[in-house]
Amino acid sequence: MLILKKNLDYKYFMNSALIKLNIDIDLNKAREYYAMLQQEYQHRKWEAQVGEVTIVGWAIHGVKGKEGNFGLYEKDNEPFGVENYYETDIAFGWAKDMLDLFPMGYRAGVGSSPPGTIVPPHIDECGDYSYRLHIPIYTNEKYIWTTPEGQFHLPAGSVYLFDPSVEHATRNDGVEPRVHFGIAIPKKDLKDLEQFIS
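Each value, and the rule that gives it
Residues numbered from 1 in each chain as written. Predicted model: local features only at pLDDT ≥ 70, side-chain atom pairs only at ≥ 80, totals over all residues. Heavy atoms only, no water. Helix = DSSP H or I, 4+ residues; strand = E, 2+ residues; numbered from the N terminus. Buried < 20%, exposed > 50% of the residue type's maximum accessible area, 1.4 Å probe, protein only. Lys, Arg positive; Asp, Glu negative; His and termini not counted. Salt bridge = Lys/Arg side-chain N within 4 Å of Asp/Glu carboxyl O. Contact = heavy atoms within 4.5 Å. Pairing = 2+ DSSP bridges. Axes fitted to C-alpha atoms, helices over the stretch in contact; angles between N-to-C directions. pLDDT = per-residue confidence, 0-100. Parallel < 35°, antiparallel > 145°, perpendicular 65-115°, else oblique. Nonpolar A, V, L, I, M, F, W, Y, C, P; charged D, E, K, R; others polar.

> Looking at this structure, how should I read the side chain of arginine 178?
In this fold, arginine 178 is placed in strand 13 (residues 178-186). An unpaired buried charge is present at arginine 178: no salt bridge exists, and aspartate 124, the closest side chain of opposite charge, is 11 Å distant. Apart from the residues within four sequence positions on either side, arginine 178 is in contact with Gly111, Ser112, Ser113, His134, Pro136, Tyr138, Thr139, Tyr143, Trp145, Leu154 and Asn172.

> What's the story with the environment of valine 50 in this structure? I'm lost.
Mapping valine 50 onto the fold places it in strand 2 (residues 45-50). By relative accessible area, valine 50 is classed as buried at 18%. In this structure, the C-alpha to C-alpha distance between valine 50 and serine 113, residues 63 residues apart in sequence, is 9.3 Å. Discounting chain neighbours no more than four positions away, the residues touching valine 50 are Ile55, Ile118 and Val119.

> What is the right way to read the sheet that holds strand 9 (residues 143-147) from this model?
The pairing of strands in a sheet comes from backbone hydrogen bonds and takes either a parallel or an antiparallel form. Strand order in the open sheet formed by four strands is 7-12-9-10, and the pairing between neighbours is antiparallel. Across the chains shown, the open sheet's two edge strands, defined by having one partner strand only, are strand 7 (118-122) and strand 10 (150-152). Here the average twist between neighbouring strands, direction ignored, is 20 degrees. Here strand 7 runs beside strand 12 (residues 168-172); their pairing, made up of three bridges, is antiparallel. Bridged to valine 119 within strand 12 is threonine 170.

> Which parts of the structure should I look at to understand the confidence of the model for the chain?
In low-pLDDT regions, the fine details of the predicted coordinates are not to be read closely. Counting all residues, the mean pLDDT for the chain is 87, and 87% of those residues have values of 70 or more. This stretch, residues 1-11, has a pLDDT under 50; its non-local contacts, to residues over four places away or in other chains, come to 23 contacts.

> I'm lost on the packing of helix 2 (residues 27-40) against helix 3 (residues 93-101) in this one. Help?
Orientation of helix 2 relative to helix 3, taken along the N-to-C sense of each, is 120 degrees, at an axis distance of 7 Å. Here helix 2 is positioned oblique relative to helix 3, judged by the angle of their axes. When helix 2 is examined against helix 3, the residues Lys29, Ala30 and Tyr33 are found in contact with a partner set consisting of Gly93, Trp94, Ala95 and Asp97. Here the residues of the contact of helix 2 with helix 3 sort into four nonpolar, one polar and two charged.

> Would you take a moment to explain the sheet that holds strand 13 for this structure?
The strand order 1-11-8-13-6-3-2 describes an open sheet built from seven strands, whose pairing is antiparallel. Every interior strand has two partners, whereas the edge strands, strand 1 (18-21) and strand 2, have only one. In this sheet, adjacent strand axes meet at a mean angle of 30 degrees when their direction is disregarded. Across four bridges, strand 1 lies against strand 11 (residues 159-162) in antiparallel orientation. Among the inter-strand pairings, isoleucine 19 is bridged to a residue of strand 11, identified as leucine 161.

Below is the structure:
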């Protein structure tokens, strides 16, 4: 059993590092948005080498005072708090709907992990002060999250809140890429998501 510091943390995260939120996602609209990124916004794409594969993505939030297309979870480019970010030119359509649904969120983006992606066990440095919210847009049953509680598959269109202060790993053993929307949620704002937790 995980023992976490805050009462709300303990209430919701006592049995798992992942919590499914009860939010209806328009998966068709999400996929249309992703298709638009691929067709019209290649200039906004970032790339990062992870082991033997290259993951790609698009930053929906930019860091105030910095230029460039930053990856979702770059240590040196991830200040805490929505006040340190601005909405980029790809904050439209479905992505804008998500930003409006999670106004406390920051560092939003879309990432794609190709087949063969292996992210080894780690703990995110931001785990002391933020959660990560994940919405798979495309996935396959062989894209697996591993936490101390076991292995999990997050279906396309589902919404999960994850505590990155818990050791975790992911791998894509399927033949299709896994594409997801991600956004950081301050731990102090967990109460604002209670309406989505059953």
